[in-house]
Amino acid sequence: QVQLVESGGGLVQAGGSLRLSCAASGRTFSGYSMGWFRQAPGKEREFVAAISWTGGSTYYSDAVKGRFTISRDNAKNTVYLQMNSLKPEDTAVYYCARARAYLSGTSYLPNQYDSWGQGTQVTVSS
């Protein structure tokens, strides 16, 4: 089973930037689409961004489109989330997830992902 470890979270002022990383263990990264989700206190987990296994297709939630960029480096078994122009409403725990094997494209549905990291906290102050 793949292990996913997120890093790069922290405290940043509104308008600032952060880059999250998600490192996957083993040879279980290439060939799988990946996604980023987030969960704020008292709210349900929500989709942020997804990327196909080739990196050729990406998909974003309306809340982050134009501000966040998802990318991946299959040689390093790592997926990234570059977050710019951060807002206080972006405050949440951010999780990366590996999609189910049959998913060739991207999906915003949590049930299409079967492996999750432990999450990294992002806090944006106003």
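Residues numbered from 1 in each chain as written. Predicted model: local features only at pLDDT ≥ 70, side-chain atom pairs only at ≥ 80, totals over all residues. Heavy atoms only, no water.

Moving on: unusual backbone geometry. Keep in mind that most residues, glycine aside, have a negative phi and that most peptide bonds are trans. A positive phi angle, near 55°, is found at Asn77, a position not held by glycine. Relative to the assigned elements, Asn77 resides in the loop between strand S7 (68-73) and strand S8 (78-83). The phi dihedral of Ser85 is positive, around 50°, even though this residue is not glycine. Among the secondary structure elements, Ser85 is positioned in the loop between S8 and strand S9 (92-99). Given a relative accessible area of 40%, Ser85 falls into the partly exposed group. (Helix = DSSP H or I, 4+ residues; strand = E, 2+ residues; numbered from the N terminus. Buried < 20%, exposed > 50% of the residue type's maximum accessible area, 1.4 Å probe, protein only.)

To continue, consider the pattern of salt bridges. Side-chain pairing between opposite charges can occur once the charged atoms of the two side chains come close. Scanning all chains against the criterion turns up five salt bridges. The shortest N-O distance in the salt bridge between Asp62 and Lys65 comes to 3.3 Å. (Salt bridge = Lys/Arg side-chain N within 4 Å of Asp/Glu carboxyl O.)

Here we come to the nonpolar core. Within soluble globular proteins, side chains that are nonpolar tend to cluster in buried spots. In terms of nonpolar packing, the biggest core is built from 27 residues, with Trp36, Leu81, Met83 and Tyr94 touching the most fellow members. The element contributing the most residues to this core is strand S3 (residues 18-24), with four residues. When sequence neighbours within four positions are dropped, the list of residues in contact with Leu81 reads Leu18, Arg19, Leu20, Trp36, Val48, Ala49, Phe68, Thr69, Ile70 and Tyr94. Grouped together as the second largest cluster of nonpolar side chains are seven residues, Phe37, Phe47, Ala50 and Ala99 included. (Core = buried A, V, L, I, M, F, W, Y, C linked by side-chain atoms within 4.5 Å. Contact = heavy atoms within 4.5 Å.)

Below, the discussion takes up the pairing of strand S5 (residues 46-51). Along S5, five of the six residues are buried, which leaves the element largely enclosed by surrounding structure. The turn linking strand S4 (residues 34-39) back onto S5 is made up of six residues, and Gly42 within it adopts a positive phi angle of 75°. In terms of strand pairing, S5 meets strand S6 (residues 58-60) through three bridges, oriented antiparallel. Following the sheet pairing, Ala49 is matched in S6 by Tyr60. Counting the residues that bridge the hairpin from S5 to S6 gives six residues, and of these Gly55 lies at a positive phi of roughly 85°. (Pairing = 2+ DSSP bridges.)

Any link to function would need more than the numbers given here.
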